[in-house]
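Here are the chains, one letter per residue:
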Amino acid sequence: MSKKHTTYFLLFLLFVSSIISAQNSQLRSYSIEDGLPQSQVYDIVQDEIGYLWLGTQGGGLCNFDGTNFSIWNENDGLLSNYIHALYTSNDSLYIGTNLGLSIKIKNNFLNFKSPQVNHFYKSEKGLYLGTAQGIYSYSNTKKLKKLSINTDIDSSIINAIVFDGTFYWIATNTGLWKTNKLDGTAIQIEKIEENNFKSVVYNNHKIFAATYRDGILILDPKNNESPILLREPLGINAMKIHNKNELWVATDNDGISIIDTQNYAEKRNINKSKGLSVSHIRKTFTDRQSNIWIATSGGGFYKYFQNNFQHFDASSGLKGNRIYAVHHAKNSLWISSSEAGLTEIDTLGIHHIPKIKGFSNIKIKTITSDDYGNIWAGSDGNGILLRTTKTVDSLVPDYSDSLNVVTKVFTKTVIKNKVLNTENGFPFDWIRKLVKGQNTMWAATYSSGIIQFNYDNERDSLVIKKRYGKKTGITDLYIKDIALDNQNRLWYATQTGLLGYIQDGKQTALGAVLNQQTTIRTLLFHQDKLFLGTAGKGILVSEISDNTPIFKPLKGAKKMSSENIYQLIFDNQGYLWAGTERGVDKIQLNQDSDIEDIYHFGRNDGFLGIETCLNAVDKDDKGHLWFGALYGLTEYIPSAASKSTLKPEIYFNDVQVAYKSVDTINLKAWTNTNKVLNLTPTQTQLSFAYRSVDIDHPNQIEYRSKLNQNAWSPWSKENKQNFAGLAYGAHQFSVQSRNYRWEESTPIKFNFFIDSPLYKKAAFQWAVIGFALLLLLILGWLYIRRIRLKNKADKAQLQIKNDLLTLEHKALQLQMNPHFIFNVLNGIKAMAINKPDKMNATINSFATLLRETLNNSRKDQITLGQEIKTIRHYITVEQLMAAKPFTFTITSNCELDPEEILVPPMLIQPFVENAIRHGILKGDKAGVLQIEFNTTEHYLHCTVIDNGIGIFKSQETKIKTDHQSMALTVTKERLTSISGENALQITEIKNDDGTIAGTNITFKIPLLTDY
């Protein structure tokens, strides 16, 4: 190989080394500044909930949920703050310290003094501890016991134990051992190699045993092949298998070596040049989400990302971390970092462009290229840099042949830099954005509008074609972004939210298309659609087929991580990427530009730059995306494979009753079971604390809950639920979580029962009701008895009174008016001479009346027919004896036969007698007497009508007799006792002129029948 070619080869190796060293190993560091109590982390484990537990040297114990640290130390009951090993099982954490074993159960520590614990090994028979003086076992009886295996082993420092299915392999400071049992009953014990062995791993039927100073010994126990010794790396502290066939070797002074367990070749290493702050590595650990964690001595711990992001920053070879502009041209990526000018990245590495006179130590805010491959860069305050590259031929004579001089042609690259600013004719120095158009260039300034210009590099000629500002209709000169669409229209957006475009030298202002003064930061055209990235209002989109676009915000069930948009770009798979101050969002849109899904990438996902910058995004020829951010440059490499997400799991952290934790139960054992927490009637206040841990996205876990059969609550980030004043009886509390991908956990449930107070219990209530009913029955019986006795007495008195009235009435019935009898007898005597026939009729009628009166007086009830017959006879006698004639009618309008209706005897006769004697006979006109009977559902109604002088006038003129007064009084009282008050109605009948036409007597008695 010639000297020249050797030089080229060395340069090539240098460039390759540069690009390799520039590729950060996707490490995220956590140190004291993040909340870690101490920078020396000796072990990392993960519990079943998802918390990471870290043991430190002097800082005690802490757990980590992806964002926050919780710390326990000697003041909390921990045996020692110097921790060397950790192991988790169920709800217990086993902590190996320099003073012995601590077991953390909930918030309590159970401590056992022993030699320093370096290692935990769990088998089916129990938990074994590798200590500074042999092996100990811990049993379920909470006893720590030293095992006697072999005198050498029992006195050695135990660093690691592994089981290959037949033998236990023990790495000690004096050698590598194998035995068939870990107690005194071991039959086979053999020392394989004498050395200081720090770690032992079993993988693919092979034993990897690491010494501290002499490399790694590889044995094949089944095939008994000769051991293989890997002499590097040295200074080994621990080993672990990751990614199936990768052996990660943690060293004391050279970081991590990753060895392929198939061919034993070193695949790569992770050290200071790859992003570690220290080279002393203690342990490595893989969590459930396939992240690898690295524990260091002095540098805290690291998260190693296995994703599609590659990060570049000052530690990777850039001049600064803040990336202002990114642009891909041909096979190179051009960036500007901090105030350090231009940097080119290609396949050979990172190339920093030397300082350019008049264009150094400035912020370059925009980079673009033209059709000739020239690079254009716009700056803050120094105008525009044009960097041209040309390949020219050079003729060089070759004198190597003394006889013939040969001229050879060599090609060389000529690079020229030209600064365009106000000193040489460019109108403005503050450039926001540069865009290459068709045979022209566009420059958006900070506050002076837009400039269209051309530059002829051959002639060094600058031509300002046109300026667009207030004179052309751009009212807001603070231009935030410009972009060309497929119709060669240059669109611009301003700080106050104005939008417009320039076409064929004519500017069209569309105004405030968002109907509010919201800054439009970035413009992006994709498939005849214009996407606007705004400051605080997210992303909006509109078709641009017409001249009056109508923008609508991107909407969907999932929300973006931030509404402040700095970058927009589409990848080759059709996803829209949005850069914000919180990282980047990968957005899946449907054909209607609605959000179907969002994937967020932040610092925990490998996007270490976090806050993205304007104009600092582009896509290269391979489809890789490049994002410029506040803390470096990030490359996204699309691939078919992606990190799978785990379905979240949720656990109860705490259950409190009346603000006190229920420590007497195992929450995990009670979750989703039929076990019921029984509470007293006063314990109606409960609090439930629950948690799903996602180390990658700790702040994007959401929860929802429900009590009994109520509807689920809305999703929220609150992981505690309080209840006060709960109803008595059985209850079931349910809670569910979902992760950042909206994958939902299986709901968990907890049953509890609040006992009712005595007065609320059904048995007590029924007893009270029974007693009350019994008391009411007794009181009711006493009341009814008293009423019955009173009614009996009243009834007896009423009966006596009624009997007296009846006797009086019967006596009255028997006491015919003597005057009436005297008149009848005198009349009969007078008739004997002149009217013998009338005399005979009168005697017969009078005799019949007397006989009927005597017969009826013996009865309490007679038929209405019999009563009518008796009345007829009475009226007939009165007619025969009357001084003046009168007529009478008796009418029955009853629905029943009069022979079926029962009435008290002689109840009507006193009213008929009164109508004849004191009404009709005292009048001066022919008398008319009407007697009517009719029935209703419950009463018999009787009406006696006469056309006499009227009852009130008659009462004024008549001379009362004892018989008459007593008869009417007794009859009225009988009616009252039979039919109640107001049973008798007596009214006078008046003519139209007010004169009296007679009397109307009406009364009613209860309707009685003889069936």
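Look up a bit, the structure's there.
First things first, this report covers the structure right here in the doc. Predicted, not measured: the structure shown is a model, and the values here were computed from it.

Conventions used here
Residues numbered from 1 in each chain as written. Predicted model: local features only at pLDDT ≥ 70, side-chain atom pairs only at ≥ 80, totals over all residues. Heavy atoms only, no water. Helix = DSSP H or I, 4+ residues; strand = E, 2+ residues; numbered from the N terminus. Rg over C-alpha atoms; globule rule 2.2 N^0.38 Å. Buried < 20%, exposed > 50% of the residue type's maximum accessible area, 1.4 Å probe, protein only. Contact = heavy atoms within 4.5 Å. Areas by Shrake-Rupley, 256 points an atom, 1.4 Å probe, with all protein chains shown as cover. Salt bridge = Lys/Arg side-chain N within 4 Å of Asp/Glu carboxyl O. Pairing = 2+ DSSP bridges. Axes fitted to C-alpha atoms, helices over the stretch in contact; angles between N-to-C directions. 1 Å grid on protein atoms, 1.4 Å probe; cavity = no way out; pocket = protein on both sides within 12 Å on 5 of 7 lines; lining within 4 Å. Points joined across faces, edges and corners; volume = space filled by probe spheres on them. Nonpolar A, V, L, I, M, F, W, Y, C, P; charged D, E, K, R; others polar. Patch = residues over 30% accessible without salt bridge, like charges linked within 9 Å, V, L, I, M, F, W, Y side chains within 5 Å. Lys, Arg positive; Asp, Glu negative; His and termini not counted. Charge placed at Lys NZ, Arg CZ, Asp CG, Glu CD. Disulfide = S-S within 2.5 Å. Parallel < 35°, antiparallel > 145°, perpendicular 65-115°, else oblique. Left-handed = near helix turned anticlockwise from the far one by under 90°. Polar contact = N/O pair within 3.5 Å; in protein donor to acceptor, adjacent residues only side chain to side chain. Core = buried A, V, L, I, M, F, W, Y, C linked by side-chain atoms within 4.5 Å. Phe/Tyr/Trp six-rings, centres within 6.5 Å; stacked < 30°, edge-to-face > 60°. Lys NZ or Arg CZ within 6 Å of the ring centre and 35° of its normal. Expected span 1.5 Å × (residues − 1).

Helices and strands together make up the secondary structure of the protein chain, namely 10 helices and 72 strands. Against the globule reference of 30 Å for 1011 residues, the protein chain gives a C-alpha radius of gyration of 59 Å, more extended than a compact globule. Burial statistics for the protein chain: of 1011 residues in total, 50% are counted as buried. Here the analysis covers contacts within the protein chain between residues at least 6 apart in sequence; of these, 53% occur between residues at least 24 apart. By element, 50% of the accessible surface of the protein chain is carried by carbon and sulfur atoms, the whole surface being about 49800 Å².

This brings us to the pattern of salt bridges. All chains considered together, the criterion is met by 21 salt bridges. Residue Arg489 pairs with Asp485 through a salt bridge whose shortest N-O separation is 2.8 Å. For Arg704, the salt bridge identified is with Glu744, shortest N-O distance 4.0 Å. Taken as a pair, Arg704 in strand β61 (residues 702-707) and Glu744 in the loop between β63 (729-738) and β64 (748-754) lie far apart in primary sequence, 40 residues in all. Owing to a relative accessible area of 18%, Arg704 belongs among the buried residues under this scheme. Among the ionic contacts, a cluster of salt bridges with common partners joins Glu246, Lys267 and Arg268.

If you trace the 4 strands from one edge of the open sheet to the other, you get β10-β11-β12-β13, paired in antiparallel fashion. Each end of this open sheet is capped by a strand with a single partner; those strands are β10 (117-123) and β13 (144-146). On average, adjacent strands in this sheet sit at an angle of 30° to one another, irrespective of strand direction. Here strand β12 (residues 134-138) pairs with β13 via 3 bridges, running antiparallel. In the strand pairing of β13, Tyr138 is matched with Leu144.

A few words now on empty space enclosed by the protein. Counted according to the given criterion, the structure contains 4 cavities of 30 Å³ or more. Taken as a whole, the second largest cavity encloses approximately 90 Å³ of empty space. Taken together, 14 residues line the second largest cavity, and the ones lying closest to its centre are Gly341, Leu342, Ile353, Pro354 and Phe359. In terms of residue class, the lining of the second largest cavity is made up of 8 nonpolar, 3 polar and 3 charged.

Taken together, Trp766, Ile769, Phe771, Leu773, Leu774, Leu775, Leu776, Ile778, Leu779, Trp781 and Leu782 make up a surface patch of nonpolar side chains, about 1200 Å² in accessible area. Looking at the element boundaries, Ile769 is found in helix α4 (residues 762-814).

Across the sheet, which stays open at both edges, the 4 strands sit in the order β58-β57-β60-β62 with antiparallel pairing between neighbours. The outermost strands of the open sheet, each flanked by one partner alone, are β58 (660-661) and β62 (720-723).

Let's shift gears to the pairing of strand β15 (residues 168-172). Buried residues dominate β15, accounting for 5 of its 5 residues. Across 5 bridges, strand β14 (residues 158-163) lies against β15 in antiparallel orientation. Paired with Ala160 across the strands is Ala171, a residue of β15. Turn length for the β14-β15 hairpin, with the two strands adjacent in sequence and antiparallel, is 4 residues, and the turn residue Gly165 shows positive phi of about 105°. The turn linking β15 back onto strand β16 (residues 176-179) is made up of 3 residues.

Below, the discussion takes up a negative patch on the surface. A contiguous patch of negative charge on the surface is contributed by Asp152, Glu193, Glu194 and Asp214. If you trace the backbone, Glu194 turns up in the loop between β17 (189-193) and β18 (197-203). For Glu194, a relative accessible area of 64% gives the class exposed.

Moving on, we get to the state of the cysteines. Tallying each qualifying case throughout the model produces 0 disulfides. Here Cys942 is not cross-linked by a disulfide; its sulfur's nearest cysteine counterpart is in Cys894, at 9.5 Å.

What follows covers the packing of helix α7 (residues 864-881) against helix α8 (residues 909-920). Contact geometry of α7 with α8 gives a least axis separation of 11 Å together with a crossing angle of 25°. Between α7 and α8, the angle falls in the class roughly parallel. Between α7 and α8 lies a crossing of right-handed hand. Across the interface between the two elements, Glu867, Ile871, Tyr874, Ile875 and Glu878 of α7 pack against Gln909, Val912, Glu913, Ile916 and Arg917 of α8. Of the residues contributing to the contact of α7 with α8, the split by class is 5 nonpolar, 1 polar and 4 charged.

Before going further, it helps to spend a moment on the side chain of Thr179. Checked against the element boundaries, Thr179 lands in strand β16. A polar side-chain atom of Thr179 sits 3.1 Å from the main-chain carbonyl oxygen of Gln188. For Thr179, the contacting residues outside a window of four places in its chain are Phe167, Tyr168, Ile170, Ala186, Gln188 and Ile189.

The biggest cluster of nonpolar side chains holds 33 residues, and the ones touching the most others in it are Ile875, Val912, Leu929 and Phe933. Among the elements of the structure, α6 (836-856), α7, β66 (886-892), β67 (901-903), α8, β68 (927-935), β69 (939-946) and β71 (996-1006) are those that each provide at least two residues to this core. Here this core takes 6 residues from α7, the largest share from any one element. Ignoring sequence-local partners within four residues, the contact set of Val912 consists of Ile871, Tyr874, Ile875, Leu929 and Ile931.

Here we take up the packing of aromatic side chains. Considering all chains together, one arrives at 45 aromatic pairs under this definition. Three or more aromatic residues link up through ring pairs in this structure, and these residues are Phe652, Trp670, Phe688, Tyr690, Tyr703, Phe723, Phe733, Phe750 and Phe752. Over the ring of Tyr42 we find Arg282, and its NZ or CZ is 4.1 Å from the ring centre. Over the ring of Tyr446 we find Arg432; its NZ or CZ atom is 4.2 Å from the centre of that ring.

The next point concerns α8. Here α8 is 12 residues long and its end C-alpha atoms lie 15 Å apart, about the 16 Å a rise of 1.5 Å per residue gives. For α8, the set of buried residues is Gln909, Pro910, Phe911, Val912, Glu913, Asn914, Ala915, Ile916, Arg917, His918, Gly919 and Ile920.

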